[in-house]
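What follows is the residue order along each chain.
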Amino acid sequence: MSAQATSPLSFRTIWISDLHLGTRGAKSELLLDFLRSTRSQNLYLVGDILDGWRLKASPYWNGAQGEVLHRLVEKARRGTRVVYIPGNHDEALRRYIGMDFARIEVCKEAAHTTADGKRLLVTHGDQFDTVVKTHRWLAILGDHAYRFALRLNHVYNLGRRILGLRYWSLSAYLKHKVKNAVDFIFHFEAALADEARRRGFDGVVCGHIHKAEMREIDGILYCNDGDWVESCTALVEHFDGRLEILDWPSLIADPKYQPTHDEPRLAPAPRGLPQTA
């Protein structure tokens with residue numbers, strides 16, 4: 001085992017998505033802690049990193065969100081391969097597919113081969129969401145309802161913090177108790193697995209629905225890396241090819257966890273809003 005592989009927070013590959021920077025719901029402080037505490041050879045940004053819908057309508061930006069972008073650029077500069085796959089909320093960046101910015105590659109999708117030989121299709125997944133594809137107005141209406149749930153979630157977790165309890169996503173719990181949402185997720189996962197099978201992949205990695213999951217669907221490995229507005233999760237590949245979902249709030253709440261920020265703090269990031277087309 002190499003020296004790099006001996007650290008529990010060093011990985012061959014990390015996948016994160018649905019950061020929704022530019023909104024009040026983005027858990028930027030938790031994300032910064034994750035980015036400072038982990039290193040990897042490959043880092044996939046699987047869509048909805050910036051929330052272009054909110055940045056155009058009612059933008060919100062703070063220093064932590066700016067530092068997240070600064071941190072991602074710094075990882076690319078230090079040698080991590082960083083691949084950005086735009087989603088539906090940052091779809092304006094799809095016009096730059098095939099280009100790279102500050103050593104960050106912008107791709108429509110990606111094919112990743114794990115250390116043990118599994119071929120994985122990496123895609124945001126919004127093209128398999130029939131609401132987003134055919135009823136954009138309904139998707140935007142749903143986005144407003146979702147943001148209300150996130151505000152409720154924020155107030156709920158302020159109360160938990162006062163009581164000394166760790167973060168827990170009320171909005172995710174409510175969403176996954178609604179039958180229609182459960183049915184939608186089931187069909188979404190099946191559609192992604194079918195696409196991976198049709199194209200000869202062993203599995204698929206996606207985001208979009210904010211539900212971290214890793215399971216087999218009819219012989220195809222389905223992986224969703226979750227999000228950083230509710231669950232605060234990432235999908236990681238260990239150096240032997242083993243895949244795992246990291247639940248960051250649960251991990252750092254473990255008394256055995258010893259934080260190690262082996263990447264230094266950066267100079268303050270620019271506070272201005274990113275420009276969107």
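None of these values were measured; they are calculated from a predicted model. Along every chain, residues carry numbers that run from 1 in the direction the sequence is written. Local features in a predicted model are, by the rule used here, given only for residues with pLDDT of at least 70; side-chain atom pairs are given and counted only at 80 or more, and totals for whole chains, interfaces and linings are based on all residues. Excluded from the side-chain calculation are hydrogens and water; included are all heavy atoms of the structure.

A. Inspection of the sheet that holds strand E7 (residues 119–122) at higher detail. Strands qualify as paired when DSSP identifies two bridges or more between them. Only DSSP runs of H or I covering at least 4 residues are called helices, and only runs of E covering at least 2 are called strands; the numbering of each starts at the N terminus. Across the sheet, which stays open at both edges, the 5 strands sit in the order E6-E7-E8-E10-E9 with mixed pairing between neighbours. For this open sheet the edge positions go to strand E6 (110–113) and strand E9 (213–217), each flanked by a neighbour on one side alone. Pairs of neighbouring strands in the sheet enclose a mean axial angle of 20°, with direction left out of account. Summarising the sheet, E7 and strand E8 (residues 203–206) pair through 3 bridges and their orientation is parallel. Bridged to Leu121 within E8 is Val204. Lines fitted to the C-alpha atoms define the axes, with helices restricted to the stretch that makes contact. Angles between their N-to-C directions range from 0 to 180 degrees.

B. A look at the pattern of salt bridges. Within this document, salt bridges are pairs made up of a side-chain nitrogen of Lys or Arg and a carboxyl oxygen of Asp or Glu, the two lying within 4 Å of each other. Enumeration according to the criterion identifies 15 salt bridges in this entry. Measuring nitrogen to oxygen at the nearest pair gives 3.0 Å for the salt bridge that ties Arg78 to Glu74. With relative accessibility at 48%, the residue Arg78 sits in the partly exposed group. Here Arg199 makes a salt bridge to Glu195, at a shortest N to O gap of 3.5 Å. Categorising residues by exposure relies on relative accessible area from a 1.4 Å probe, with only protein chains included: less than 20% of the type maximum marks a residue as buried, more than 50% marks it as exposed, and the intermediate range marks it as partly exposed. Classification of Arg199 by relative accessible area gives partly exposed; the value is 32%. Where salt bridges share partners, they join Glu109, Glu195, Arg198 and Arg199 into one cluster.

C. Geometry of helix H1 (residues 28–37). Of all the 10 residues making up H1, 9 are buried; the element is thus mostly covered by neighbouring parts of the structure. Along H1, the positions that sit buried rather than exposed are Ser28, Leu30, Leu31, Leu32, Asp33, Phe34, Leu35, Arg36 and Ser37. Contact criterion: two residues are considered in contact whenever any of their non-hydrogen atoms come within 4.5 Å of each other. Packing partners of the buried residues in H1 comprise strand E1 (10–16), strand E2 (39–45), helix H3 (63–77), strand E11 (233–237), strand E12 (243–247) and helix H8 (248–253).

D. Representation of the pairing of E7 within the structure. By the bridge criterion, 4 bridges tie E6 to E7 in an arrangement that is antiparallel. Bridging across to E7, Thr113 finds its partner in Arg119. Turn length for the E6-E7 hairpin, with the two strands adjacent in sequence and antiparallel, is 5 residues, and the turn residue Gly117 shows positive phi of about 95°.

E. Structural view of the packing of H1 against H3. Their axes nearest at 9 Å, the elements H1 and H3 cross at an angle of 20°. Put simply, H1 runs roughly parallel to H3. Between H1 and H3 lies a crossing of left-handed hand. On H3, the residues touching Ser28, Glu29, Leu31, Leu32, Leu35 and Arg36 of H1 are Ala64, Gln65, Glu67, Val68, Arg71, Leu72 and Lys75. Residues are grouped as follows: Ala, Val, Leu, Ile, Met, Phe, Trp, Tyr, Cys and Pro are nonpolar; Asp, Glu, Lys and Arg are charged; every other residue, Gly included, is polar. The class makeup of the residues in the contact of H1 with H3 is 6 nonpolar, 2 polar and 5 charged. Each angle is binned into one of four classes, with values under 35 degrees roughly parallel, values over 145 roughly antiparallel, values of 65 to 115 roughly perpendicular, and all other values oblique. Crossing handedness follows the turn of the near helix against the far one: under a right angle anticlockwise gives a left-handed crossing, and clockwise gives a right-handed one.

Keep in mind that these numbers describe shape and distance, not what the molecule does.
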